[in-house]
Amino acid sequence: MKMLVIGGVAAGMSAAARARRLDETASIIVFERGDFVSFANCGLPYHIGGKIADRDQLLLQTPQSLAATLNLDVRTGTEVEAIDRAARQVRVRELAAGKTYTETYDKLVLAPGAAPLRPPLPGIDHPRICVLRNIADMDRIQKLLEEGAKAAVVIGGGYIGVEMAENLRERGLAVDLVEMVDQVMPPLDREMARPLENHLRWHGVNLHLGVAAAAFTESEGRLRTELVNGQMLMADLVILSAGVKPDLRLARAAGLAIGPRGGIQVDQHMRTNDPHIYAAGDAVEVTDLALCCPTLLPLAGPANRQGRIAGENVCGRHTVYTATQGTAIVKVFEMTGGGTGANEKSLQRAGINYRKIYLHPSGHAGYYPGSAPMNMKVLFAPGDGKLLGAQVVGYDGVDKRLDVLATAIRAGLQVHDLESLELAYAPPYGSAKDPVNMAGFIGTNLLHGDLELWYPEEYPDQTRNAVLLDVRSAMEYDTWHIPGAVNIPLDKLRGNLDRLPRGQTILVYCKVGFRSYLAYRLLKQRGYDVKTLSGGTMTFCNYHRTGICPGTPEPPLLSYAEERQLAPAAAPPVPGRVVELNCAGMQCPGPIRRLAETMQGLQTGDELIVSASDPGFTADGAAWCRHFGHTLVSQEQAGPLVRLRIRKGGPMQPAAAANSDKPAGAGKPRKTMVVFSGDLDKVLAAFVIANGAVSMGSEVVMFFTFWGINALRRSGPQAPGKTLLDRIFGWMMPQGAAALRLSQMHMGALMRRVMRAKQVDSLPGMIAQAQAAGVKLVVCSMSMDVMGLKREELIDGLEIGGVAAFLGESAGADMTLFI
Ligand code: FAD
């Protein structure tokens, strides 16, 4: 049997080597156009970055070594120019000598790979615009770097573009990365790519997302890249990594069938429509495992397996290649990200129903150094829970979880099967409940109806008529919260149920979804209509991105420009002490709480260096500093650890530090109000004014007296130990904001319905908002006494005071109302 192989890298060499192992007598010739065979093209970016110092390490085999070990006839620098199917022969050109000859075959394996795309843009052929596919490309880039290139533009934010951006930064170049879609790593869903984008920015890669390159021109010895938005990027070289296209030249000319996605069409045996010709690797179309449709997935693993299967079948076996699931992974400095199976975008495009969950478990036990929460997304079928796809992005243990999920998908497992996987555990490697098990628990809860989820994309359009309930601590809420949310920390929820309306959906959230799940179970069992935010604010912020989240008062993440301004070099000398605080491994809200406690013990001018493994701490810590008037001197990333250096500003209010209920507000304008009326419309008007004033920067104090106090009553039984008269009085008066009546027309129920329809907050909602925004609610002690009301019959968060308290507050006010 005489076998010819066209292409001597992943698929081609796998086919040739496998055929030799099965058939010692076959004559096997491999043609490779380039000067090298079986080289490690996946390692090319890392030699450019310096990680793989020795170029020879990339050259895994030579024609001589392949001849010696496998008796293969490997001809490099030799291009196959044409296939004559009728004569079963190929025309070959020796590139150096220019000599051509023909070679006959019994079986031919076509493995020409895929060529980098070169969009037809003006200036695209400039010699300093490079692609990276093989050793020669790598050498060309190395040469430009050695000649002193200082800045590079990378076009394309896929795997190779991101790897090149990282490695060029490692070489000390300034790097701009341009990506046409508005995310890096298009195989991931947008919100999952977000942590990688932040991390690239952290490392100084300047991202231009959602914008395409338009033209390249030479300018004063440099290369100018013009973007479609008019921006100009100056650089010394451009790396073009805008995708690849199957090399079909030979296949087309030979009349081989081409599939709908533009790859060589093969059957499950990797055989083309010619029974003597097989094809494998990046040039062929395969079936997508989850979507069950033809696809192009240019990856090394599938290429090697397909080549091996082609080699087996050439030797008379009947081995089958079923499908590709696109499992892929990328290193982005200290982070790792990857996916397997379908992503949400592709499921939507294919019209396939799915459920999804987000979670943020730690890579390994939080108490063992080096751990950090990861971002995990799992997609599965709504009915039986069959796994469809997964994405994982984080620091430690990402590859392991991705591979477990890839195996589960390949095995056709269902999401509940993940619960029972028995995975390796010791503190340095994982948790007794592995992140994959956790995904199983959450997915199963969802399918069983033990959990109902809401998602970041529902905000704000689909959340307007609901109550957004933040169950994190007051400090976390103050630092940043979803606009419009009220805060009842989880540990205070049972005592504040009367603040939550019954007829409205309550959308609970916390940082990662665990506290909100507990709140969900609590509220659900008490009859509330409730859902919990999948993935918490971590996923929410990834989805909405800095500055895009509508109405976000304080961006949760610093912009690149801000981060640059915070470069450690800019830090002035430290006038006070420097204290270190290690919060590594702590789950939210641990780091921010410890930060506040520690800061309270410091003097103005002292500095605190706080380390945390929670990636969200960068945003939380920065926002916390802004909020409390401290200076964020620097931020840096050391592996999975975030390190913030914070200089203490003015003295913190003890209450603000311990409970973080509100920042010190010295010098603010102040409004005071006496709320005397207990009429729904009048109390509503009072809170509309209060909430408006506080949002415009005023302090607001509301003094509730006589009938007005009824707005602040809890529902439920009256306090024990009251006199009969007080009890009768208590029964006759409205019990709380939800029970107040209108001053006119007596159509309170209708009014509430109209308010809901017109998306006006309910009175309980407004009271909660006012409290969360720092409006001080003072209840007249004398009126309480007269009306027989006890403190425990009123909602939490009130102060009890006399007329002197009110007059004291009003003394410095610029407006006082009597309602
Ligand atoms: P190729 O490896 O491209 O080999 C095809 C060969 O055929 C070429 O050498 C070409 O010269 C030769 N050829 C073509 N036509 C002819 C002809 N007419 N005559 C003679 N020879 C011919 N994948 C991953 O899964 N993980 C990674 O981390 C990863 N990193 C990568 C990094 C880089 C920089 C690159 C370029 C690719 C990376 N890939 C990665 C993709 C992976 O390398 C490819 O999927 C895989 O190499 C495809 O194998 P192939 O044999 O189909 O094609």
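Reference entry: report on the structure contained in this document. Keep in mind it's a predicted model, so treat the numbers as computed, not measured. (Residues numbered from 1 in each chain as written. Predicted model: local features only at pLDDT ≥ 70, side-chain atom pairs only at ≥ 80, totals over all residues. Heavy atoms only, no water.)

Looking at the packing of aromatic side chains
Inspection of every chain in the model, using the stated rule, returns six aromatic pairs. A ring pair is formed by Tyr459 and Phe540, whose centres lie 5.3 Å apart and whose planes are at 65°; its orientation type is edge-to-face. Of the two residues, Tyr459 is situated in the loop between strand S26 (453–454) and strand S27 (467–470) and Phe540 in helix H14 (residues 536–544); the sequence distance between them amounts to 81 residues. Taken as a pair, Tyr459 and Phe540 share a single burial class, namely buried. An aromatic cluster is built from Tyr459, Trp480 and Phe540, whose rings are joined through pairwise contacts. Just above the ring of Tyr528 sits the side chain of Arg502; from NZ or CZ to the centre is 4.0 Å. (Phe/Tyr/Trp six-rings, centres within 6.5 Å; stacked < 30°, edge-to-face > 60°. Helix = DSSP H or I, 4+ residues; strand = E, 2+ residues; numbered from the N terminus. Buried < 20%, exposed > 50% of the residue type's maximum accessible area, 1.4 Å probe, protein only. Lys NZ or Arg CZ within 6 Å of the ring centre and 35° of its normal.)

Notes on the sheet that holds strand S7 (residues 107–110)
The strand order across the open sheet built from five strands is S3-S2-S1-S7-S18, with neighbouring strands paired in parallel fashion. Two strands in the sheet have a free side with no partner beyond their single neighbour: strand S3 (73–75) and strand S18 (277–279). Strand-to-strand, the axes of this sheet are offset by a mean angle of 15°, without reference to chain direction. Bridge count for strand S2 (residues 27–31) against S3 is three bridges, and the pairing is parallel. Within the sheet, the bridge partner assigned to Val30 lies in S3 and is Val74. (Pairing = 2+ DSSP bridges. Axes fitted to C-alpha atoms, helices over the stretch in contact; angles between N-to-C directions.)

What about the sheet that holds strand S39 (residues 815–818)?
By way of backbone hydrogen bonds, the strands of a sheet pair with one another, either parallel or antiparallel. Sheet architecture is open: five strands sit in the order S38-S37-S36-S35-S39, paired in parallel fashion. Each edge of the open sheet is held by one strand with a lone partner, namely strand S38 (799–801) and S39. Ignoring strand direction, the axes of neighbouring strands in this sheet form an average angle of 25°. Where helix H19 (residues 680–695) meets the sheet, it contacts strand S35 (670–675), strand S36 (699–704), strand S37 (776–780) and S39, and its direction lies at approximately 160° from that of S36. (Contact = heavy atoms within 4.5 Å.)

Quick word on the site of the ligand
Around the ligand, a shell composed of 28 residues is seen, among which Ala11, Glu32, Asn41, Asp282 and Ala300 lie nearest. Between Arg33 and the ligand, the recorded distance is 3.0 Å, taken from a backbone N or O atom to a nitrogen atom. Contact between the ligand and Val80: a nitrogen atom at 3.0 Å from a main-chain N or O atom of the residue. Considered on its own, the ligand offers 990 Å² of accessible surface; in the complex 89% of this is hidden by protein. Listed by contribution, the elements that provide at least two residues to the shell around the ligand are helix H1 (10–22), strand S4 (78–84) and helix H8 (300–314). Per-element accounting of the shell around the ligand gives the leading share, three residues, to S4. Taken together, the residues of the shell around the ligand sort by class into 17 nonpolar, five polar and six charged. (Near = heavy atom within 4 Å. Polar contact = N/O pair within 3.5 Å; in protein donor to acceptor, adjacent residues only side chain to side chain. Areas by Shrake-Rupley, 256 points an atom, 1.4 Å probe, with all protein chains shown as cover. Nonpolar A, V, L, I, M, F, W, Y, C, P; charged D, E, K, R; others polar.)

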